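These are the residues of each chain, in order.
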Amino acid sequence: MIATQQDRSLASRIIEKFKSSYGNDPLVVRSPGRVNLLGEHTDYNNGFVLPAAINKAIYMAVSRREDTVISIISLDLDQPYTGDTRQVVSSPLHWPDYILGVVQQLQALGHPVGGFNCVFGGDIPLGAGMSSSAALECATAFSLNELFGLKLDPLTMVKLAQKAENQFVGVQCGIMDQFASMFGRRNHVIRLDCQSLAYEYVPFNTEGIRIVLLDTNVKHSLASSEYNMRRQQCEAGVRLIQAHHPEVKSLRDATPAMLEEYVAPANALVYQRCRYIVEENLRLLAASDDLQQGDIAAFGRRMFATHEGLSKLYEVSCPELDFLVEHVKGNPAVIGARMMGGGFGGCTINLVKEEAIDELVAKATPAYARAMNKELKVYIGQIENGTSLL
Ligand code: GLA
């Protein structure tokens, strides 16, 4: 479904580029980026998350070829990619890997993928923590599923998109981003249990309040190495508990008391990481109740608490993110704010009263420039549907 004028022109530019490059009509898919309201770094610990798909997306145009060639053009990059389905290997260009990883996963599951032509582009800012990579993976899975009539259900596509990122791209990400991109629903957040993969849509049409993303303009270059390290630290915590409680399979099953007893004395840093995760899961459950009861103020306070945990205990923030959260704290128009996504850069997510957004931006922009010597970018997030055919 095309949402805005901007989307429409982006999609038509991609279709035009496709036609002029390959000479036929493509099938076109839209796959969105995501925000996450609460539940950060909990997905790979089998916990809960509360993401939503947004009004920024990847558009992908594809058609079948008679041979085994994979030909891909990125609308914004000069160099096209050419490969072969008979030998899918990672590309020195790097960006094709998100697509190739999905092709490889489909092949590994025994699905026939023939040659195809592809043009894609999008308006999800890169490195801003809105999961452009998951959107690209989901766009690919959805497109190829349609194109080759593979009859895959959305959850299978989500899982293989995540696996593509884990195994081909090399980031040990959880399932949240791909799930949100595929399953998003307009004006709803998804409350996903990352252990059972049970999910429910929670309405998020909070009257007069908007999701404002403040982009630090810091690209999260540390993200993948530190991310994989956090995962290992969480696993180390689980092993320490398991020695006494073999039934504990992940931090989802751990209690604060178990952390105190078995992890704190053994490893202070691992304890700190695990404490954040266990607290964040509890916080998310309480925050879901807030939402059900329409208590957005309580929900917002929990967002600030999450930021504190991510910054001080989990240590995935950075001075720029901390500055932006600190800056809006105390502003009565800001219901809640925190860093969003993997961390080390990207955006803060803020719930802001609509009438106060202009003033907030007018103050935050020069303040950020003075303090951090960087330009602040601002996006107003709208919650949209997940991956679909245009
Ligand atoms: C990245 C990963 C997700 C999730 C978040 C942190 O976006 O891709 O799986 O772990 O970080 O919540």
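It should be noted that the structure appears before, not after, this text.
Attention in this report is confined to the structure presented alongside it. Residue numbers restart at each chain and count upward from 1, following the sequence in its written direction. Local features in this predicted model are restricted to residues whose pLDDT is 70 or higher, and side-chain atom pairs enter the listing and the counts only when it is 80 or higher, whereas totals over whole chains, interfaces and linings include all residues. Working from all heavy atoms in the structure, the side-chain values ignore hydrogens and water.

### Describing the sheet that holds strand β9 (residues 209-215)
In a beta sheet, neighbouring strands are held together by backbone hydrogen bonds and run either parallel or antiparallel to one another. Let me state the cut-off plainly: A pair of strands counts as paired when DSSP detects no fewer than two bridges linking them. Counting from the N terminus, the helices are the DSSP runs of H or I reaching at least four residues and the strands are the DSSP runs of E reaching at least two. In this analysis, axes come from line fits to C-alpha atoms, helices being fitted only over the stretch in contact, and the angle between any two N-to-C directions falls in the range 0 to 180 degrees.
Sheet architecture is open: four strands sit in the order β10-β11-β9-β12, paired in antiparallel fashion. Sheet topology places β10 (334-339) and β12 (377-381) at the edges, where each strand pairs with a single neighbour. Sheet twist, expressed as the average angle between the axes of neighbouring strands with direction ignored, equals 20 degrees. Relative to β12, β9 is paired through five bridges, and the arrangement is antiparallel.

### Thoughts on the sheet that holds strand β3 (residues 51-64)
Spelled out, the test is: The contact rule is simple, with two residues in contact once any of their heavy atoms fall within 4.5 Å.
On the basis of which strands lie adjacent, the open sheet formed by six strands has the order β5-β4-β6-β3-β1-β13 and mixed pairing. The open sheet terminates on both sides in strands that have one partner only, identified here as β5 (81-84) and β13 (388-389). Two elements, β3 and strand β6 (residues 116-122), share seven bridges in a ladder whose sense is antiparallel. Following the sheet pairing, Ile58 is matched in β6 by Gly122. Contacts from helix α5 (residues 176-183) reach β1 (27-36) and β3 within the one sheet, and its direction differs from that of β1 by about 125 degrees.

### Considerations on unusual backbone geometry
Glycine aside, residues mostly have negative phi angles, and peptide bonds mostly take the trans form. Of note, Asn217 is a non-glycine position whose phi angle comes to about 70 degrees, a positive value. Structurally, Asn217 can be placed in the loop between β9 and α6 (223-242).

### Observations concerning the layout of surface pockets
To keep it simple, the criterion reads: A 1.4 Å probe that fits but cannot get out identifies a cavity on a 1 Å grid over protein atoms alone, an open set with protein on both sides within 12 Å along at least five of seven lines counts as a pocket, and a residue lines either if it has an atom within 4 Å of a point. Grid points are joined across faces, edges and corners, and a volume is the space filled by probe spheres set on the points. Residues are grouped as follows: nonpolar covers Ala, Val, Leu, Ile, Met, Phe, Trp, Tyr, Cys and Pro; charged covers Asp, Glu, Lys and Arg; every other residue, Gly included, is treated as polar.
In this model, the largest pocket occupies a volume close to 1,200 Å³. Breaking the lining of the largest pocket down by element, the ones donating at least two residues are β6, α3 (132-147), α4 (154-169), α5 and α6. If one sorts the elements of the lining of the largest pocket by residue count, α3 sits on top with four residues. Of the residues contributing to the lining of the largest pocket, the split by class is 19 nonpolar, 18 polar and eight charged. Considered as a void within the structure, the second largest pocket measures approximately 220 Å³ in volume. In terms of lining, the second largest pocket is formed by Asn187, Phe204, Asn205, Thr206, Ile209, Arg210, Ile211, Gly381, Gln382, Ile383 and Glu384. A total of three residues in the lining of the second largest pocket trace back to one element, the largest contributor, which is β9. Split by residue class, the lining of the second largest pocket holds four nonpolar, five polar and two charged.

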